[in-house]
Amino acid sequence: PSPKVQGTHPDCSVVLHFQQQEVECLQRIRSESQNPAPPEQEGCPTEWDGVNCWPALPLGQFRAVACPDILNVFKKSKGLIQRNCTEWGWSLPSPPYHSACQLETLSSSNDTEAKARHFVTMKVLYTCGYSTSMAALLLAIGIFSCFRKLHCTRNSIHIHFFTSFILRGMAVFIKDNVLFSDESIDHCTMSSVTCKAAITFFQYSVLANFYWLLVEGLYLQTLLLLTFTCDRSYTCGYILIGWGVPMVTVGVWVLIRLQYDNHGCWDDYSSQYWWVIKAPILLAIFVNFLIFLNVTRMLAQKIRCPDLSKTHKQQYMRLTKSTLLLIPLFGVHYMVFALFPKHVGMDARLYFELVLGSYQGFLVALLYCFLNGEVQAEVRRNWGKWQRSMESNVFNLATQDFTA
């Protein structure tokens, strides 16, 4: 049997459920039309009334069905809806659906407006968060790129990590623009190539984000193991992990969705194929957690080592402090929510993933660049050099005017 359809947005689960029931009912109707019943067995053919599929019934008989079993839509009622097969066809449902199947208490207009304002506020917050993060990350990339003394494998990995955050912010903005730019578009049934491409790019950016954090952890562990020997030979491997693994994973996911689950805009997370994306993310978080424990152990041993120079200790501490803070920060909430069904803790999940998650890029730029003592010293040195150069130029111009 096909998995139960549940869209990313709760309202979509109802729409898609009835669409699926309608498709199955229409298939039954087409099958019956190809194999008509004998004249003596004629009656009322199978019919879809918008809520239930009523199987074919001989003349003079009746059929009763229960209320549709849709979570959070209909209250569980013991009442049945009955329809008779008459000479003029199916009779009207008795009692009517709205009487037999009590809807769950609908939100008042005030509650609906409050919820709308809540989501608008949340969108403003994460839009500001991603904008701030992207601006900070672009500035940090510029600093690492402009100052020659900062060109090294460590900062090159930081630049890739920053880029993955920028792509993630862009993917969020693109996804919002494609799915929700026009209120007249029904995002539950949207199935265009554009929206699927936007969701694919979003999934790739999220995967790349987690795997470049994994690369940061792997690099830190390699740094402690190799004691600052040549680490450039590992750069290609890091790039393959950070960009290559997400690309292969998303490629496999796209092929599977095209072949076995090509409905909607691919933004539903209840499908079993969602594990093609979720499993690699959970694996990256788990490996990072092991690295977190191993690096903490190695760092404690190296700091106690009397033969280690003060400079090396400072280098270890500077990079370790940033990376060890990020590993649990990026993975804990994802691991917690991954263990619960998608509809559990939806508000908390949205807040962590959208609002707090949007400021993670700013935090990364702050830890790896703006609060980095090496970067601060290099910026101050070049700033002082530029000031002295300007003062020298002003003095030369003044003396030239004076001598003239």
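Just so it is clear, the model here is predicted, and its values are computed rather than measured.

Engineer: Explain the state of the cysteines to me, please; I cannot follow it from the model alone.
Structural biologist: Here is the idea: a disulfide is a covalent bond, and it sits between the sulfur atoms of two cysteines. Here the structure, examined in full by the defined rule, presents 3 disulfides. Covalently, Cys44 is tied to Cys85 through a disulfide, its sulfur atoms 2.1 Å apart. Residues Cys44 and Cys85 share a disulfide whose torsion about the S-S bond is about 100°; that sign makes it right-handed. In this pair, Cys44 is assigned in strand E1 (residues 43–44) and Cys85 in strand E6 (residues 80–86), connecting sequence segments 41 residues apart.

Engineer: Before we go on, may I ask you to explain the pattern of salt bridges in this structure?
Structural biologist: Pairing of side chains with opposite charge becomes possible as their charged atoms draw close. Tallied over the entire structure, the rule returns 5 salt bridges. The residue Arg83 makes a salt bridge to Glu47 at a minimum N-O spacing of 2.9 Å. Of the two residues, Arg83 is situated in strand E6 and Glu47 in strand E2 (residues 47–48); the sequence distance between them amounts to 36 residues. Judged by relative accessible area, Arg83 falls into the buried class, the value being 5%. For Glu47, a relative accessible area of 28% puts it in the partly exposed group. Ionic pairing is found between Arg381 and Glu378, a salt bridge with its closest N-O pair at 2.8 Å. Of the two residues, Arg381 and Glu378 are both situated in helix H11 (residues 373–403); the distance of 3 residues between them amounts to about one turn of the helix. A relative accessible area of 42% means that Arg381 is categorised as partly exposed.

Engineer: So what exactly am I meant to see when it comes to the UniProt feature "transmembrane region" (unreviewed entry) in the protein here?
Structural biologist: When the UniProt feature table is mapped to this numbering, "transmembrane region" (unreviewed entry) covers residues 124–145, 157–174, 210–228, 240–260, 272–295, 316–338 and 350–371. Here residues 124–145 runs as 100% helix and 0% strand, with 31 Å between its end C-alpha atoms. What you have in residues 157–174 is 100% helix and 0% strand, and the ends, taken at the C-alpha atoms, are 26 Å apart.

Engineer: Could you clarify how one ought to interpret the packing of aromatic side chains in this entry?
Structural biologist: In this description, an aromatic ring pair is defined by two values, namely the gap between the centres and the angle between the planes. Under the defined criterion, the tally for this structure stands at 12 aromatic pairs. Between Tyr219 and Tyr238, the aromatic rings sit 6.1 Å apart at their centres with planes inclined by 80°, giving edge-to-face as the arrangement. In this pair, Tyr219 sits in helix H5 (residues 193–226) while Tyr238 sits in helix H6 (residues 235–260), placing the two residues 19 residues apart along the sequence. The residue whose ring lies beneath Lys175 is Phe202, and the NZ or CZ to ring-centre distance is 4.9 Å.

Engineer: I tried to follow the packing of helix H4 (residues 153–180) against H5 on my own but got confused; where do I start?
Structural biologist: Geometry of a packed helix pair, given as the angle between the helix axes and the separation of the axes. Remark: H4 packs on H5, axes separated minimally by 8 Å, with the N-to-C direction vectors making an angle of 155°. As summarised for this structure, H4 and H5 are arranged roughly antiparallel, according to the angle between their axes. For the crossing formed where H4 meets H5, the hand is left-handed. Residue classes in the contact of H4 with H5 are distributed as 22 nonpolar, 7 polar and 4 charged.

Engineer: How should the environment of Ser131 be read in this particular structure?
Structural biologist: Position of Ser131 relative to the elements: it lies in helix H3 (residues 109–146). Overall, the relative accessible area of 36% leaves Ser131 in the partly exposed class. Spatially, the C-alpha atom of Ser131 lies 9.3 Å from that of Met170, the residues being 39 residues apart in sequence. One polar contact links the side chain of Ser131 to the main-chain carbonyl oxygen of Thr127, over a distance of 2.7 Å.

Engineer: Where do I start with the nonpolar core in this structure?
Structural biologist: One broad trend across soluble globular proteins is that nonpolar side chains are buried collectively. Formed by 63 residues in total, the largest nonpolar core has its most connected members in Phe161, Phe162, Ile277 and Ile281. At the level of secondary structure, the elements contributing two or more residues to this core comprise H3, H4, H5, H6, helix H7 (275–304) and helix H10 (360–370). Ranked by the residues each element gives to this core, the list is headed by H5, at 18 residues. With sequence-adjacent residues up to four places away left out, Phe162 is seen in contact with Leu137, Ala140, Ile141, Phe144, Val364, Ala365 and Tyr368. If you look at the next biggest cluster of nonpolar residues, it comprises 11 residues, including Trp54, Leu57, Cys85 and Trp90.

Engineer: Just checking my understanding: could you explain the sheet that holds strand E5 (residues 62–66) for this structure?
Structural biologist: Picture the strands of a sheet paired through backbone hydrogen bonds; they go either parallel or antiparallel. What the 3 strands build is an open sheet, ordered E5-E6-E7; its pairing is antiparallel. In this open sheet, the two strands that pair with only one neighbour each are E5 and strand E7 (89–90). Pairing of E6 with E7, which is carried by 2 bridges, proceeds in the antiparallel orientation. Its bridge partner being in E7, Thr86 is matched across the sheet by Gly89.

Engineer: Would you explain unusual backbone geometry in this entry?
Structural biologist: Leaving glycine out, the prevailing phi sign among residues is negative, and the prevailing peptide bond configuration is trans. The amide bond that connects Ser94 to the next residue, Pro95, takes the cis arrangement and shows omega of -10°. For Trp266, which is not glycine, the phi torsion reads 65° and is therefore positive. Within the fold, Trp266 resides in the loop between H6 and H7. Judged by relative accessible area, which is 3%, Trp266 ranks as buried.

Rules used in this analysis
- Residues numbered from 1 in each chain as written.
- Predicted model: local features only at pLDDT ≥ 70, side-chain atom pairs only at ≥ 80, totals over all residues.
- Heavy atoms only, no water.
- Disulfide = S-S within 2.5 Å.
- Helix = DSSP H or I, 4+ residues; strand = E, 2+ residues; numbered from the N terminus.
- Salt bridge = Lys/Arg side-chain N within 4 Å of Asp/Glu carboxyl O.
- Buried < 20%, exposed > 50% of the residue type's maximum accessible area, 1.4 Å probe, protein only.
- UniProt positions renumbered as here; feature names shortened; annotations may be inferred.
- Phe/Tyr/Trp six-rings, centres within 6.5 Å; stacked < 30°, edge-to-face > 60°.
- Lys NZ or Arg CZ within 6 Å of the ring centre and 35° of its normal.
- Axes fitted to C-alpha atoms, helices over the stretch in contact; angles between N-to-C directions.
- Parallel < 35°, antiparallel > 145°, perpendicular 65-115°, else oblique.
- Left-handed = near helix turned anticlockwise from the far one by under 90°.
- Nonpolar A, V, L, I, M, F, W, Y, C, P; charged D, E, K, R; others polar.
- Polar contact = N/O pair within 3.5 Å; in protein donor to acceptor, adjacent residues only side chain to side chain.
- Core = buried A, V, L, I, M, F, W, Y, C linked by side-chain atoms within 4.5 Å.
- Contact = heavy atoms within 4.5 Å.
- Pairing = 2+ DSSP bridges.

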